[in-house]
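Topology and contacts: notes
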Amino acid sequence: MADVLQPDSNSLQIPSENVSTPSSPATARNDCSITPLTPSPSPRVEVRPRMACPFSVVIAIDFGTTSSGYAFSFTQDSEAIHMMKRWEGGDPGVANQKSPTCLLLTPDLRFHSFGFAARDFYHDLDPEEARHWLYFDKFKMKIHSTSDLTMETELEAVNGQKVRAIDVFAHALRFFREHALKEVKDQSSSVLEGDEIRWVITVPAVWRQPAKQFMREAAYLAGLVSPDCPEQLLIALEPEAASIYCRKLRLHQVIDLSMQPITNGLELDVSRPFDSSDRYVVADCGGGTVDLTVHQIEQPQGTLKELYKASGGPYGAVGVDLAFEAMLCQIFGEDFIQSFKAKRPAAWVDLMIAFEARKRTASPGRTNALNISLPFSFIDYYKRHRGQSVEAALRRSNMNIVKWSSQGMLRLTQEAMNELFQPTISKIVKHIDLPEPLPPPGAVGGAGAGTPERREIRATMQFGDTEIKVTAVDVMSNRSVRASIDFLSN
């Protein structure tokens, strides 16, 4: 599970099996230091240098595609998790426990701001001035989709200008480092030295080894840890971290007691914690990826047994955004959309922010249309570019599932929203098709030994900033189960 960055090359490479184990902290920089949740069956043992002093605090950064945040815990009281403070700014009426993953650089490539501050400042720039500023958002998955990832790989800002990807990620991690250390200092009664802090960065299960090593190198560049002390930085898989959290839950925290769960006639003690009879799937549905883990708790040691290898794919909510952009291209023309993005980059960001806000309110049971506000500059630019109105373009496109409002809004019908969501949802459903079905929910001991009949289950998921609600319906029997997890509750 180690991957090596060759010091004389810009490329991120995977070592062969005969690479020798690092013998000193200095050479250990080449080790990706990814600790698997389940011990590897490989007989090879890696020798790690021990830290001179134990860690006093653990700071974990959740670097997401659409939103990011951090939390920390002091090792003397590891059960007390301190979430990052709520951010100023953001969308009205929305609780923001995380910050949007967007970065703003000045025209001379210096760091300006991150998160809501970056988004709001970029929004307020004069359109002509905004063309010279570098705004990056939803850039995380670019390093996964790049097949030949190197230290010189570039990311393209909204204005089309390119910057080294390693510098963009380092700016973002440095921002979180400064904010987290300030909060830790406020909570600590003593002065912490740098080597007393363990840093954790979560990454998708679908990421290849070069992408994980890339994130480690960005952390070194950001100053989180020294390359000479790789033990201070742990790269953790996102769904495995979520699964460890689930181990602490009791059944009533994931099963809605107001509904009748499908239990095969067995009574569930919902007040008990998860135990060795419980097998569970954690589906981490993020902005860029959907990652899956299937685990079982082993007693009495309380460790997690991995029933299937952690897996996933690029099936996150960004797919819905791309489908919306494709719909706009179909209506207004791809050449116009590309021109608008290049000439009015800040207005394009505003349009996608408006879509994001309405996307969160979409649900299969909704019957009325969703209104998406078009920036005035979009309407004006289209009239100048095409010589006709936006309304005329909609009529000409014959796309009956999208209407025009006289208030300057696109009205997306329920059929239109289904068309945007369906490709991404279909990919998730296809990926969750496990090689062997798990025992039915509620099966205890040998009750789940037989192979159950496969059934069609339709699931509706609602994602909030800190909460996930899921409703699953058995199509044949019409029975349903509801589950809810609030990541801020105890």
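Here we summarise the structure given alongside this text. Computed from a predicted structure; not experimentally measured.

1. Things to note about the overall build of the chain
Helix and strand content of the chain: 12 helices and 22 strands. Per-residue burial for the chain yields a buried fraction of 42% across its 490 residues. Residue pairs at least 24 apart in sequence account for 62% of intrachain contacts in the chain once pairs closer than 6 positions are excluded. On the chain, roughly 25,400 Å² of surface is accessible, and the fraction owed to carbon and sulfur atoms is 51%.

2. Overview of the sheet that holds strand 18 (residues 402–405)
With antiparallel pairing, three strands are arranged side by side in an open sheet as 17-19-18. Looking along the sheet, the strands with just one partner apiece sit at the ends: strand 17 (370–373) and strand 18. Looking at each pair of strands side by side, their axes are set apart by 30 degrees on average, direction ignored. One ladder, built from four bridges, connects strand 17 with strand 19 (residues 409–412); its direction is antiparallel. The partner of Ile-372 across the bridge, within strand 19, is Leu-410. Across the sheet, helix 11 (residues 390–397) touches strand 18 and strand 19, and the angle it forms with strand 18 is around 155 degrees. Strand contacts of helix 12 (residues 414–431): strand 17, strand 18 and strand 19, with the helix running at about 80 degrees to strand 19, the strand carrying the most contacts.

3. Focus on the side chain of Gln-232
Looking at where Gln-232 falls in the secondary structure, it is placed in the loop between helix 5 (209–222) and strand 13 (233–237). Polar side-chain contacts of Gln-232 include one of 2.8 Å to the backbone oxygen of Ile-197.

4. Re the nonpolar core
Counting 52 residues, the largest nonpolar core has Phe-136, Phe-169, Leu-173, Trp-199 and Leu-224 as its most contacted members. At the level of secondary structure, the elements contributing two or more residues to this core comprise strand 3 (57–62), strand 4 (67–74), strand 7 (102–105), strand 9 (134–137), helix 4 (165–187), strand 12 (197–203), helix 5 and strand 13. Those residues in contact with Phe-136, other than ones at most four positions away along the chain, are Thr-101, Cys-102, Leu-103, Leu-105, Leu-155, Glu-156, Ala-157, Val-163 and Val-168. Phe-332, Phe-355, Met-399 and Leu-412 belong to the second largest nonpolar core, which has 32 residues in total.

5. Remarks on the pairing of strand 4
With respect to burial, strand 4 is a largely interior element, seven of its eight residues being buried. Between strand 3 and strand 4, which pair antiparallel in sequence order, lie four residues. Here strand 4 runs beside strand 5 (residues 82–83); their pairing, made up of two bridges, is antiparallel. Opposite Phe-72, over in strand 5, you have His-82 as the bridge partner.

Each value, and the rule that gives it
- Residues numbered from 1 in each chain as written.
- Predicted model: local features only at pLDDT ≥ 70, side-chain atom pairs only at ≥ 80, totals over all residues.
- Heavy atoms only, no water.
- Helix = DSSP H or I, 4+ residues; strand = E, 2+ residues; numbered from the N terminus.
- Buried < 20%, exposed > 50% of the residue type's maximum accessible area, 1.4 Å probe, protein only.
- Contact = heavy atoms within 4.5 Å.
- Areas by Shrake-Rupley, 256 points an atom, 1.4 Å probe, with all protein chains shown as cover.
- Pairing = 2+ DSSP bridges.
- Axes fitted to C-alpha atoms, helices over the stretch in contact; angles between N-to-C directions.
- Polar contact = N/O pair within 3.5 Å; in protein donor to acceptor, adjacent residues only side chain to side chain.
- Core = buried A, V, L, I, M, F, W, Y, C linked by side-chain atoms within 4.5 Å.

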